[in-house]
Amino acid sequence: MTALETVHAIEFRHITKRFGKVVANDGIDLTLDRGEILALLGENGSGKTTLMNMLSGIYFPDEGEILVGGKPAAIRSPKDAYANGIGMIHQHYKLVDVFTAAENIALGLHDGGRLDRREIAARVQAISDKYGFGIDPNKKVYDMSVSEKQTVEIVKVLYRGADVLILDEPTAVLTPQETERLFAILRTMKADGKAIVIITHKLHEVMAISDRVAVLRKGQYIGAVNTAETDPQALTDMMVGHAVTLNIDRPDPVDPKPRLTVEGLTVLDAEGVKKLDGVGFTALGGEILGIAGIAGSGQRELLESIAGLYPIAAGSIRYTPDGAGPQELVGKTPMQIKQAGVAMAFVPEDRLGMGLVGGMGMTGNMMLRSWRRGKGVFVDRKDPNALALKVKESLEVVTPSVDFPVRRLSGGNVQKVLVGREIASSPTVLMSAYAVRGLDINTSYTIYNLMTEQKKKGVAVIFVGEDLDVLLELCDRILVLCGGKVSGVVDARTATKEQVGLMMTRVGGKEGA
Amino acid sequence: MINQSPVLLLIMAAVLNGTPLLFGTVGEILSEKSGNLNLGVEGMMYMGGAMGLGAAFYYEQLSGGSASGIVAVLLAILFSFLGGAFGALIYSFITITLRANQNVTGLALAIFGTGAGQFIGEYMRVTSGGYVAISNELKAVFANSPFPAALQKLPVVGPLLFGQNIFVYLGLAVAVVMAVFLNRSRAGLYLRAVGESPATADAAGINVTRNKYLATVIGGGISAIGGMVYITTIAGCVWNHEGLAGEGWLAVALVIFCLWRPLNAIWGSILFGGLMILYLRLQVPFIPDQLYKILPYVVTVIVLIFTSLRNSKDKQPPASLGLAYFREER
C-alpha cells in the first residue's frame with residue numbers, strides 16, 4: 001500500500017441494513033484496497049456476512065452507498081456484482097453436483113447460444129495454471145473433495161474477471177494442510193493485485209493470512225487494525241466487547257473408570273466401503289474424550305454405531321454401568337442402548353436433521369424421548385412440558401414459548417434444546433458431534449460448560465469437534481481418526497496442534513477427504 | 001399395403017400408440033428439468049385433446065367446405081398447446097409463485113384438467129347434435145402419412161420409415177430438439193441448473209422464476225399436444241367418454257423410465273406403446289387383459305429398482321425436483 005494510492009477498491013459509506021426490527025448493519029464505514037487481504041472478524045450475528053452480501057448483490061443496503069473504484073455503484077444482483085468485478089465464495093458452495101467444473105464455472109455467464117464446452121475448459125485451464133489451482137475442468141462436482149469444490153468456486157469468481165474476492169468462512173471444512181494451500185493461493189492472488197476479504201472467526205487464521213483486520217460487533221463497526229500491530233487477545237476484546245478468557249475451564253478428571261470399551265470396531269457403508277476399520281478405545285467416566293479428524297473420517301459412523309443406529313460388521317462395544325459387570329451393546333436396539341444409559345446428543349451439520357423435529361415446539365421435542373412412558377393411546381404432555389420449561393430456564397433458551405417451532409429458533413438455541421434434552425435423561429455416556437458448529441463464542445462456552453459439568457458428575461463425555469484449539473483446551477484425551485482408523489490417542493494437556501493435525505492426515509497414506 | 005408381417009404390424013401399432021406418450025413425456029421432462037414435478041399431465045393432455053379436436057372441428061365448420069388439412073393440423077397443434085399451457089400456467093402460479101406443494105397441485109390439475117377437457121368435449125358433442133366428428137378428408141390428413149405412396153410401398157422400410165402419421169415425425173423432431181436444447185445450449189444448461197440447485201442458479205444470475213415458468217408452461221403445452229394426437233389418431237377424431245386411457249399417467253412413469261432423457265423417450269414411448277396394445281396382438285389364453293395393461297408400470301418399477309441399486313449420480317432425478325424455491329432471508 002503506497003501513500004499515492006488514494007482510490008480504494010471498495011468503500012462502504014455509512015451502510016445500514018435492517019431485517020424487520022433487527023438492525024444487521026448499523027452505519028458501517030469500511031475500505032478495501034487492491035493487493036491486500038482484509039479479515040472481517042466478528043461473532044455470529046455480528047453482521048459480517050450481511051455486509052458482504054450487500055457487496056455481492058444478495059441484499060441491497062437500506063441506507064448509505066458503496067463505492068467501487070471511487071465511483072458509487074448500485075449492486076442489486078450477483079450479476080451487478082460481477083459487472084463491478086466483485087465475486088463472493090459463499091460458505092455453502094453454490095455448485096451443481098451433476099455438472100462438470102467447467103459447466104459450473106460458465107453458469108449464468110452469457111445468455112443463449114451454443115455451449116462451447118471446449119472453449120470454456122481451455123479458459124478454466126488457463127486460470128488454473130496461472131494461480132496454481134490444478135483443477136480438472138471436466139471433472140464432475142460429485143467426484144470432488146470439499147477442497148476441490150472450493151477451488152471451483154474461486155475459479156468461478158476469477159473466470160468472471162473479479163478483482164475483489166470475498167470468502168465467507170473458507171477454512172471451516174478444510175484440513176490444516178488444505179488451509180495452508182488455500183492461503184498460498186490467496187497470497188498469489190494478492191500479489192496479482194486482487195483485493196481479498198476473508199470472513200472468519202478463527203483468530204489464528206486472521207493472524208496468519210490477513211494484512212488488516214476489521215471488526216464488527218452486533219452490527220456496529222468497531223474498527224480496523226493492521227494485523228502486524230495486534231494480537232489475538234486484543235482482537236477478542238474488540239470482537240466480544242469485554243474480555244473473554246481464551247481458557248476453557250478444565251478440571252482434572254476425578255476417579256476415572258472405564259465406561260465404554262470399543263474393540264476392533266469395523267463398519268461398512270451401503271456400498272461396502274469400510275467406514276471404520278478396527279477402531280478401539282476406552283472412554284472413561286469423568287473425562288471428556290475428544291475425537292478429531294477431517295470431516296468424513298468416520299466420526300459420524302462411530303457415534304451412530306455406539307448408539308445402535310449403524311450396522312456393525314465386526315468388533316465389540318462394551319458398556320460398564322456403576323457397580324456391575326460389562327455388557328455388550330452390539331446387537332442391541334437403540335432403545336435398549338438408550339435405556340442402558342448411553343445418551344447421544346448428535347448434532348449433525350444441519351442441526352435439526354437427526355435430533356429434533358423442526359415443526360414441533362420444545363415440549364414436543366422433549367416428548368420424543370419419553371413417549372414410551374405414557375399409558376394408553378393419549379400422550380402425556382405434562383412432564384415434557386415441565387422439562388421443556390426447565391431446559392428453557394436453566395440454559396437460557398431464547399424462545400417466545402415452549403410450543404414455538406424449534407425450526408425458527410437460532411442455531412445456538414436449537415443446540416441448547418438438543419443438548420439440554422439429552423442431559424435431562426441423566427446419561428452415563430454423552431456423545432455430541434459438532435455441538436458448537438456455527439455458534440458464537442459465548443454460546444459455545446455455554447455448551448463447553450455443560451459438557452464439563454457432565455464430566456464432573458462422572459459421565460463419560462465423547463466430544464466430536466472440528467476446532468483443534470477447542471479440542472485441545474476442553475478435552476482430557478483426544479482420539480484422532482484418519483480414514484476410519486485410529487491414528488492415535490493423545491493427552492490433550494500436552495499435545496500440540498501440529499501433532500494432532502499431522503495425525504489427522506497420516507494414517508492410510510493419502511491426504512485429505 | 002403389401003406383405004405385412006405380424007411383427008411389422010405390432011411395431012407400427014406400437015409407434016402409433018407411443019406417439020401421444022412421446023409428447024407427454026418430452027413435455028414433462030422439460031418441466032421436471034426445471035424442478036417442477038407436474039403430476040397433472042393427464043389433465044393437461046385432456047385439455048389439449050379437447051381443445052385440439054375443437055379447433056379442427058370448428059375450423060372445418062366455419063370454413064364451409066373449403067378447409068385446408070394443413071391449417072387444421074396447425075390449428076389443432078396450436079390450440080392443444082394453448083390448452084396444456086394454460087393448465088401448466090395455473091400449476092406454475094400455485095407452485096412457483098405461491099410455493100404450494102407440487103404433488104397436491106399436480107394431482108388437482110390432473111382432476112381439474114380431466115374435468116375441463118370432458119366439459120369442452122361434451123359441450124361440443126351436445127351442441128353439434130350428439131356427435132363430434134370431422135370429415136374423412138381432414139381425418140386422413142391427421143391419420144395418414146405425409147409421404148408419397150411410392151415411398152410407403154418400399155418393402156419393410158416403407159411403412160416403417162415413411163408410413164407413419166405426421167405427428168410421429170413431429171414428435172421425433174421435438175424429442176431431438178429437446179435433447180439438443182438441454183445438453184448443447186447455454187439456456188438448457190441454465191435450465192438444468194435451476195432444476196438441480198436453484199440457489200446456485202440464482203447466485204449465478206439466472207432468473208429462477210422465469211426459467212421455471214417457461215419450462216413448465218411450454219412443457220405442459222408439449223404434453224397436451226400428445227392428448228390431441230391421441231384423440232385425432234388413435235381415437236379417430238371422435239370425442240368419447242373414455243378419453244385418454246391413462247396416457248398422461250403413463251407419461252409420468254415414462255419420464256422416470258427414460259431417466260429424464262428425451263432421446264430415451266423415443267424408444268421408451270414405442271416400447272410402452274407396444275406394451276399398452278400387446279393384449280390386442282398377442283393373446284394368451286387365461287391371461288386377462290388387465291395383466292397386460294400393467295406391464296408398462298411393472299417395467300417402470302423394475303427400472304426404478306435397478307437405477308436405485310446402481311446409485312449412479314448421473315441417472316438421478318433433478319436434485320431439487322418437487323421443491324419450491326425461495327431466496328433465503330436470514
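Everything numeric here is computed off the predicted structure, so don't read it as measured data.

### Let's talk about the overall build of chain B
When helices and strands are counted, chain B shows 15 helices and zero strands. For 330 residues, the compact-globule estimate of 2.2 N^0.38 gives 20 Å, and chain B sits close to it at 20 Å. Overall, the C-alpha framework of chain B stretches about 65 × 45 × 40 Å when taken along its three principal axes. The 330 residues of chain B split such that 48% are buried. Across chain B, contacts joining residues at least 24 apart in sequence account for 80% of those joining residues at least 6 apart.

### Here we look at the pairing of strand 6 (residues 86–89) of chain A
Residue and element names in this part refer to chain A. Burial along strand 6 is two-sided: the residues Ile86 and Met88 and Gly87 and Ile89 are all buried. Pairing of strand 6 with strand 7 (residues 164–168) involves four bridges; the strand directions are parallel. Bridging from a neighbouring strand, Ile89 pairs with Leu167 of strand 7.

### Details of the interface of chain B and chain A
Chain B puts 21 residues into the contact, and the matching count from chain A is 18 residues. Among the elements of the structure, helix 9 (186–196) and helix 10 (198–203) of chain B are those that each provide at least two residues to the side of chain B that touches chain A. If you tally residues by element for the side of chain B that touches chain A, the top one is helix 9 of chain B, at six residues. Class assignment of the residues belonging to the side of chain B that touches chain A gives a composition of ten nonpolar, four polar and seven charged.

### Notes on the nonpolar core
Formed by 151 residues in total, the largest nonpolar core has its most connected members in Val26 and Leu254 of chain B. With sequence-adjacent residues up to four places away left out, Val26 of chain B is seen in contact with Val174, Ala175, Met178, Ile222, Pro262 and Ala265 of chain B. Counting 73 residues, the second largest nonpolar core, distinct from the first, contains Leu303, Val391, Ala433 and Leu468 of chain A.

### Some words on the sheet that holds strand 7 of chain A
All names here are of chain A. Pairing in this open sheet of six strands is mixed, and the strands run 6-7-8-3-9-10 from one edge to the other. The strands lining the two open edges of the sheet, one partner per strand, are strand 6 and strand 10 (220–226). Direction aside, the axes of adjacent strands within the sheet are offset by 20° on average. Across the sheet, helix 6 (residues 176–191) touches strand 3 (37–41), strand 7 and strand 8 (195–200), and the angle it forms with strand 8 is around 150°.

### Some details on the domain arrangement of chain A
As far as domains go, chain A holds domain 1 (10–240) and domain 2 (257–506). Using C-alpha coordinates to define each centre, domain 1 of chain A is positioned 34 Å away from domain 2 of chain A.

Rules used throughout
- Per chain, residues are indexed from 1 in the order of the written sequence.
- Just so you know, chain letters begin at A and ligand numbers begin at 1, following the order they were written in.
- It should be noted that, the model being predicted, local features are given only for residues of pLDDT at least 70 and side-chain atom pairs only at 80 or more, the latter also being counted only at that level, while totals for whole chains, interfaces and linings use all residues.
- Numbering of helices and strands runs from the N terminus; a helix is a DSSP stretch of H or I covering at least four residues, while a strand is a stretch of E covering at least two.
- Throughout, radius of gyration means the C-alpha value; the globule benchmark is 2.2 Å times the number of residues raised to the power 0.38.
- Residue burial is a threshold on neighbouring C-beta atoms within 10 Å of the residue's own C-beta, all placed from the backbone, with 20 or more meaning buried, 12 or fewer meaning exposed, and counts in between meaning partly exposed.
- What counts as a contact is two residues whose backbone-derived C-beta atoms lie within 7 Å of each other.
- Strands are labelled as partners when DSSP assigns at least two bridges between them.
- Classification used: nonpolar for Ala, Val, Leu, Ile, Met, Phe, Trp, Tyr, Cys and Pro, charged for Asp, Glu, Lys and Arg, polar for all others including Gly.
- A set of buried residues drawn from Ala, Val, Leu, Ile, Met, Phe, Trp, Tyr and Cys, joined through C-beta atoms within 7 Å, is what defines a nonpolar core.
- Here the axes come from fitting lines to C-alpha atoms, over the contacting stretch only for helices, and the angles between their N-to-C directions go from 0 to 180 degrees.
- Domain start and stop positions are those given by an automatic or database domain assignment.

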